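# Remarks on the overall topology
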Amino acid sequence: METEEEDELRSRGLTGLKNIGNTCYMNAALQALSNCPPLTQYFLECGALVRTDKKPALCKSYQKLVSDLWHKSRPSYVIPTNLFQGIKVINPMFRGYSQQDSQEFLRCLMDQLHEELKEPLLEPYDRSSSVTVDEAPEEDNHSQSDNDFQSCESCGSSERADNEVQSGNNHVNDTNTNEAEMLIPEQDEIQANREWQKEKNMINDLYRAGVHSVMCGSTGGDLDKDVDTTNENTPIISSQGAIKSQNRTTDSFCDIQMSNTTRPQSPVPVDGHIPKISSSPPKATSSWPSLNPAHKKAVTTFSPPKNKRQKKYRSVISDVFDGTIVSSVQCLTCDRVSVTLENFQDISLPIPGKEDLAKLHSSTHQTSIVKAGSCGEAYAAQGWIAFVMEYIKSWFWGPVVTLQDCLAAFFARDELKGDNMYSCEKCKKLRNGVKFCKMQSLPEILCIHLKRFRHELMFSTKIGTHVSFPLEGLDLQPFLAKDSCAQTTNYDLLSVICHHGTASSGHYIAYCRNDVNNLWYEFDDQSVTEVSESCVQNAGAYVLFYKKSNEDALKERRRVSGLFSMMEPSLLQFYISRQWLNKFKTFAEPGPISNDDFLCSHGGVPPSKASFINDMVVMLPQNVWDHLYSRYGGGPAVNHLYVCHTCQVDIEKLEKRRKSELDMFVRLNKAFQEEESPVVIYCISMQWFRDWEGFVKGKDNDLPGPIDNSKITVNKNGHLTLKQGADSGQISEETWNFLHSLYGGGPLVTVRPNVTHQETETSQSEEKIEVETRSV
């Protein structure tokens, strides 16, 4: 029976994909991704964590596909219809049945998976015991190396998705009122209108008095201070303290490598034990005390934020594929050096020709590159004899290009001159410069794209040069920055995508190493065939996937498995994140323990995660926890789970604020729509309004920040006026005062239709008088 189970296990993952109309580019890419263990284990073992409310829910389709590919029933092939339909919805380029680029499909797929699975980054529990990690760059910080490699958009893409909130119309109309009731108002309605007019006047009076905060019913308290949450008479907005607390739990923590997302197979949970969540925190003094009322009052004082905070996000995609490159550009006139950090998820490498190879291999060029801080170290050990032999070979059989050559060409110094001069900020002019880049942090899986296709204006060509690549031991040490904290620099090949044919037509296949039996297989649509290592090395590589290799990580896993099998009786059991345990199981460098993916900042379980907390944690005996904690640090230690009452109160306050702001806006806008000839109309940026709309409708937990009308204004003769064709909406004075009192910002932009109308009538009457005078 054990032999049958082993045979069954070995054959998993060897399922083909049916070609459904020139989709070999998709099939090869999916098979290559499917044989990346950290990503596949996440979708196989942590299915309950694959949650999204974003359409077309591509992560669900990919999860189903991976489950079918690695199912124990061993189907001969699977039809990826659902995933293909989802990709068509995201990118129209993939609609129809024409041949597409496999690397572009990979980029589209991974970007969408990140968007659907992303979570806000949390601050590490103990920075002193964690591994130093470089912060991700801002989205707008692009360097001139953008043309050389695909920049990762795990942070920027999240902003794109956040801005794509349903905009609606510029005027929010409420048409539920009956026309007859509007024509014949009742006595109660007249009285209500009077009270409503008083309320609008109160908003304007408070705003003009310079009070920027919350109205407190008839008490009219200081609007810069908090409102007691027990007061049910708050007519507009609830306590700002709820928002500050919510911000504290959602976006005040930033670290890029805190947790990964897959369920481990070893160690396994204690049999028969299911985590239980209590409804309140422990009675004893804990390390997560709640704020006392005096402290809460001090903390929750509200003032309009200066800027909307740029949140950083992580997902299983960014955990596995994200790395960082530091690019430096030096002005040759003033010697100013500009340094930029950029995230990447794949690197697009050029394929050097004969002349480029000669420069890379020549000793003179080595010296200049090393002095400039580039990558001549890659050839430091090569002697003249080897260089001559390679040159003779290239003379007869063409250039011998290695993957190390492509990396060296990418990281070599680049002279910026002629049409490619550098715009120096210090000189304020175009100057000659030198650009070079290095790797600051290395990804767990390195995706390398070779630039085989050149697309000119009228035609496309393919570079058919064979690039030799190692199956094991790809060393990236020569390309690391001096201050890099990367410890593991060796990589082993997981899979390679190949293209056969020309630039206009061809066929994609993939060679993948099965993680269960370590054998290589060729995936050609429905066909799956075992191949030798020499067959893989002779393939014409287009996209390669390399994984970090670390023997110490393997030894550590065996050591922990041994501790777990000892089954020592322990008085305490500790909860640990499944996502981090998957990192420990599949990553070469798992980093510090992070339990923040199932804890809030108060040490409890967030109410939104309470229903599936069993899928997020694993219980470990004390000896295993002690060993992992002493080895990796991090935390916090958790041996009791409870739903956080503080977070629950904050959620209720947030919902109350949303409802009150939305109700007040609807009432003010309804009155504005019923006004026939407003004296003045205020303009507001629709980009900001969409952010605010997403907040009050519960689509986004982040405050929209201060009103930003800078993009809809233009300065004419020292006066700010509305830009023609600007993305703006029109609101009443009361609505502007209400929103501005809560969020601040500006600048103020108004249009005066009545004044314009009067001026037009005056000019027309003057012209009429002038005509009559002339006729007389």
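Predicted, not measured: the structure shown is a model, and the values here were computed from it.

Turning to the pairing of strand β23 (residues 541-548), a few remarks are in order. With eight of its eight residues buried, β23 lies for the most part within the structure. Strand direction decides the pairing type here: strand β14 (residues 445-450) and β23, joined by five bridges, are antiparallel. Bridging from a neighbouring strand, Ile445 pairs with Lys547 of β23. Two strands pair when backbone bridges link them, and strand β19 (residues 490-501) and β23 are joined in this way by seven bridges, in the antiparallel orientation. Note on β23: the bridge partner recorded for Ile497 is Val543.

Once that is clear, we can look at the nonpolar core. Residues Tyr62, Phe105 and Phe545 are the most contacted members of the largest nonpolar core, which totals 64 residues. Of the residues forming this core, the biggest block, eight residues, is contributed by helix α2 (residues 24-34). Among the nonpolar cores identified, the runner-up in size contains 43 residues, and Leu360, Phe411, Cys437 and Leu493 belong to it.

What follows covers the confidence of the model for the protein. For the protein, mean pLDDT is 75; residues scoring 70 or higher make up 66% of the total. Predicted confidence is poor over residues 363-382, with pLDDT under 50, and the contacts of this stretch with residues over four places away or in other chains come to 40 contacts.

With that out of the way, let us pick up the sheet that holds strand β6 (residues 323-331). Judged by pairing direction, the sheet is antiparallel, and its four strands sit side by side in the order β7-β6-β13-β10 without closing on themselves. Edge positions in the sheet fall to β7 (337-344) and β10 (414-416), since each has one partner strand and no second. When strand polarity is set aside, the average angle formed by the axes of neighbouring strands in this sheet is 30 degrees. Of the strand pairs in this sheet, β6 and strand β13 (residues 433-441) are connected by eight bridges, and their pairing is antiparallel. Bridging from a neighbouring strand, Ser328 pairs with Phe436 of β13. Packed onto the sheet, helix α16 (residues 403-411) meets β6 and β13 and runs at close to 125 degrees relative to β13.

Before going further, it helps to spend a moment on helix α6 (residues 102-117). Taking 1.5 Å per residue as the helical rise, α6 with its 16 residues ought to reach 22 Å, and the 22 Å between its terminal C-alpha atoms agrees with that figure. Counting buried residues along α6, 15 of its 16 residues qualify, which places the element largely inside the surrounding structure. Here α6 starts with a cap whose side-chain oxygen sits 2.9 Å from the backbone nitrogen of Gln103, and that cap is Asp101.

Another point: the pairing of strand β22 (residues 527-531). It is a general feature of regular strands that their side chains alternate between the two faces of the sheet. For strand β21 (residues 520-524) and β22, the ladder comprises five bridges, and the chain directions are antiparallel. What sits directly across from Glu522, in β22, is Thr529. Taking the residues that link successive antiparallel strands as the turn, the β21-β22 hairpin has two residues, and the phi of Asp525 there is positive, at about 55 degrees.

The next subject is the pattern of salt bridges. One pass over the structure, following the stated rule, counts 18 salt bridges. As a salt-bridge pair, Arg559 and Glu556 come within 2.4 Å of each other at their nearest N and O atoms. Here the residue Arg559 and the residue Glu556 both occupy positions in helix α18 (residues 551-566), the gap between them amounting to three residues, near one helical turn. Overlapping salt bridges bring together Lys54, Glu115 and Lys118 as one network.

Attention now moves to the sheet that holds strand β29 (residues 681-685). Taken together, three strands build an open sheet; the order of strands is β33-β29-β35 and the sheet is antiparallel. Edge positions in the sheet fall to β33 (728-731) and β35 (750-751), since each has one partner strand and no second. Sheet topology places β29 next to β35; two bridges connect them, and they run antiparallel. Directly across from Ile681, in β35, lies its bridge partner Val751. Relative to the sheet, helix α22 (residues 686-696) contacts β29 and β33, its axis offset from that of β29 by approximately 75 degrees. With respect to the sheet, helix α23 (residues 733-743) is in contact with β29 and β33, its orientation differing from that of β29 by roughly 40 degrees.

Between Gly635 and Pro636 the backbone carries a cis peptide bond, its omega angle lying at 0 degrees. Inspection of the secondary structure puts Pro636 in the loop between β27 (634-635) and β28 (641-642). Here Gly746 and Pro747 are connected by a cis peptide whose omega angle stands at -5 degrees. Within the element layout of this structure, Pro747 appears in the loop between β34 (745-746) and β35. One non-glycine residue with positive phi stands out, namely Arg74, at about 55 degrees. Note that Arg74 resides in the loop between α4 (58-69) and β2 (77-78). The class for Arg74 is partly exposed, based on a relative accessible area of 44%.

Its place among the elements puts Asp700 in the loop between α22 and β30 (707-708). Accessibility expressed as a relative area gives 18% for Asp700, which makes it buried.

The next subject is the packing of α2 against α4. With their axes 11 Å apart at the nearest point, α2 and α4 run at an angle of 75 degrees to one another. By the angle class used here, α2 and α4 are roughly perpendicular. Facing Leu30, Gln31, Leu33 and Ser34 of α2, the residues of α4 in contact are Tyr62, Leu65 and Leu69. Across the contact of α2 with α4, the residue classes tally to five nonpolar, two polar and no charged.

The next point concerns the packing of aromatic side chains. Counted according to the given criterion, the structure contains 20 aromatic pairs. Relative to Tyr542, the ring of Phe453 has its centre 5.4 Å away and its plane inclined at 80 degrees; by these criteria the two rings are edge-to-face. Of this pair, Phe453 sits in strand β15 (residues 453-455) while Tyr542 sits in strand β23, placing them 89 residues apart in sequence. Relative accessible area serves as the criterion here: at 16%, Phe453 is assigned to the buried category. Aromatic rings pair up to connect Tyr25, Phe94 and Phe105 into one cluster. Directly above the ring of Tyr313 sits Lys118, whose terminal nitrogen or CZ lies 4.6 Å from the centroid.

Reading the values: rules and limits
Residues numbered from 1 in each chain as written. Predicted model: local features only at pLDDT ≥ 70, side-chain atom pairs only at ≥ 80, totals over all residues. Heavy atoms only, no water. Buried < 20%, exposed > 50% of the residue type's maximum accessible area, 1.4 Å probe, protein only. Helix = DSSP H or I, 4+ residues; strand = E, 2+ residues; numbered from the N terminus. Pairing = 2+ DSSP bridges. Core = buried A, V, L, I, M, F, W, Y, C linked by side-chain atoms within 4.5 Å. pLDDT = per-residue confidence, 0-100. Contact = heavy atoms within 4.5 Å. Axes fitted to C-alpha atoms, helices over the stretch in contact; angles between N-to-C directions. Expected span 1.5 Å × (residues − 1). Polar contact = N/O pair within 3.5 Å; in protein donor to acceptor, adjacent residues only side chain to side chain. Salt bridge = Lys/Arg side-chain N within 4 Å of Asp/Glu carboxyl O. Parallel < 35°, antiparallel > 145°, perpendicular 65-115°, else oblique. Nonpolar A, V, L, I, M, F, W, Y, C, P; charged D, E, K, R; others polar. Phe/Tyr/Trp six-rings, centres within 6.5 Å; stacked < 30°, edge-to-face > 60°. Lys NZ or Arg CZ within 6 Å of the ring centre and 35° of its normal.

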